[in-house]
Amino acid sequence: NINGTAALGLIRMTFKLALDMAALLGVDDDLKEKRRHILEHLSGYATWNIPDMGRRKYNGEKVFRLAEEGKDWNGNNTLGIQHIFPAGQIGLESGPELLELSRNMIKVMACWDDFNGTNSFYPAAVRVGYDSGEILRHLESWAGQKSPNGMKHGKNAHGVESCTPSIITINMMLCTGHQDVLRVFHAWPKEFDAAFENLREEGAFLVSSRLRAGKVEYVEITSERGRPCTIENPWPGRQVTVTRGDG
């Protein structure tokens with residue numbers, strides 16, 4: 001295949017991570033420009049208007065193709081969204097066009113009960129802002145068929161892969177630090193009270209918060225490394241008051 005969608009996402013993830021780590025560690029100055037050049041000149045993700053395929057009827061939605069040349073589609077796994085998760089290259093800061101493509105992809109693929117792709121499909125849906133009520137309905141159905149306690153796919157022997165969908169999905173709905181913006185309860189239905197303590201987010205932050213009666217009561221952030229933190233205002237239209245740990 002040429003320019004596989006998942007491969008392009010993983011390459012972007014790798015080179016962005018290398019640049020970030022090199023900057024923090026003060027190493028690899030001689031490789032910085034080369035890595036940036038590669039990132040800036042990678043191909044975009046191939047798209048198409050998906051046609052009807054045998055028993056599976058599509059409506060010509062514009063979605064991601066699995067590769068620019070070669071494999072176009074596979075209805076039996078979640079490869080088509082793995083540039084979103086786990087590669088992490090599309091999220092709420094990615095702009096309306098990529099987000100619409102991504103949500104279309106989630107709707108068309110509908111891999112809510114995939115043997116070993118469930119653990120990437122649900123988080124990808126959360127990451128691009130897919131309907132939270134629908135995500136939870138499918139997750140409840142998935143978990144109701146698994147044991148013990150909806151945490152493990154009984155027939156899947158692949159270790160972490162088989163017991164993480166519920167954990168990752170719920171945690172990401174409660175809090176995410178993706179694309180350098182921290183958000184709390186951004187994907188959680190406001191009619192459900194919820195709380196979490198010390199969820200670890202990108203940038204070495206531990207975050208705690210509570211949602212009650214549809215309102216965020218507080219956000220507590222512990223920074224382990226003193227890195228910059230940008231947070232989406234959980235109280236739209238209101239000024240935020242910051243109280244540091246020393247008062």
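Here goes a summary of the coordinates provided. (Residues numbered from 1 in each chain as written. Predicted model: local features only at pLDDT ≥ 70, side-chain atom pairs only at ≥ 80, totals over all residues. Heavy atoms only, no water.)

## As for the packing of helix H1 (residues 5-25) against helix H2 (residues 32-40)
It is the contact of H1 with H2, at a shortest axis distance of 10 Å, that shows an interaxial angle of 150 degrees. Looking at the two axes, H1 sits roughly antiparallel to H2. Remark: the crossing between H1 and H2 carries left-handed chirality. Only Lys32, Arg35, Arg36, Ile38 and Leu39 of H2 make contact with H1, whose side of the interface consists of Arg12, Phe15, Lys16, Ala18, Leu19 and Ala22. Here the residues of the contact of H1 with H2 are counted per class, giving six nonpolar, no polar and five charged. (Axes fitted to C-alpha atoms, helices over the stretch in contact; angles between N-to-C directions. Helix = DSSP H or I, 4+ residues; strand = E, 2+ residues; numbered from the N terminus. Parallel < 35°, antiparallel > 145°, perpendicular 65-115°, else oblique. Left-handed = near helix turned anticlockwise from the far one by under 90°. Contact = heavy atoms within 4.5 Å. Nonpolar A, V, L, I, M, F, W, Y, C, P; charged D, E, K, R; others polar.)

## A few points about the nonpolar core
In this structure, Trp73, Ile106 and Phe185 are the most contacted members of the largest nonpolar core, which totals 49 residues. Looking at this core, the elements that each hand over two or more residues are strand E3 (62-64), helix H3 (96-109), helix H4 (118-127), helix H5 (132-144), helix H7 (165-174), strand E7 (194-201) and strand E8 (205-212). With six residues, H3 is the largest single contributor of residues to this core. When near neighbours in sequence (up to four residues on either side) are disregarded, Trp73 contacts Trp48, Ile50, Met53, Tyr58, Val63, Phe64, Leu66, Met105, Val108 and Met109. (Core = buried A, V, L, I, M, F, W, Y, C linked by side-chain atoms within 4.5 Å. Buried < 20%, exposed > 50% of the residue type's maximum accessible area, 1.4 Å probe, protein only.)

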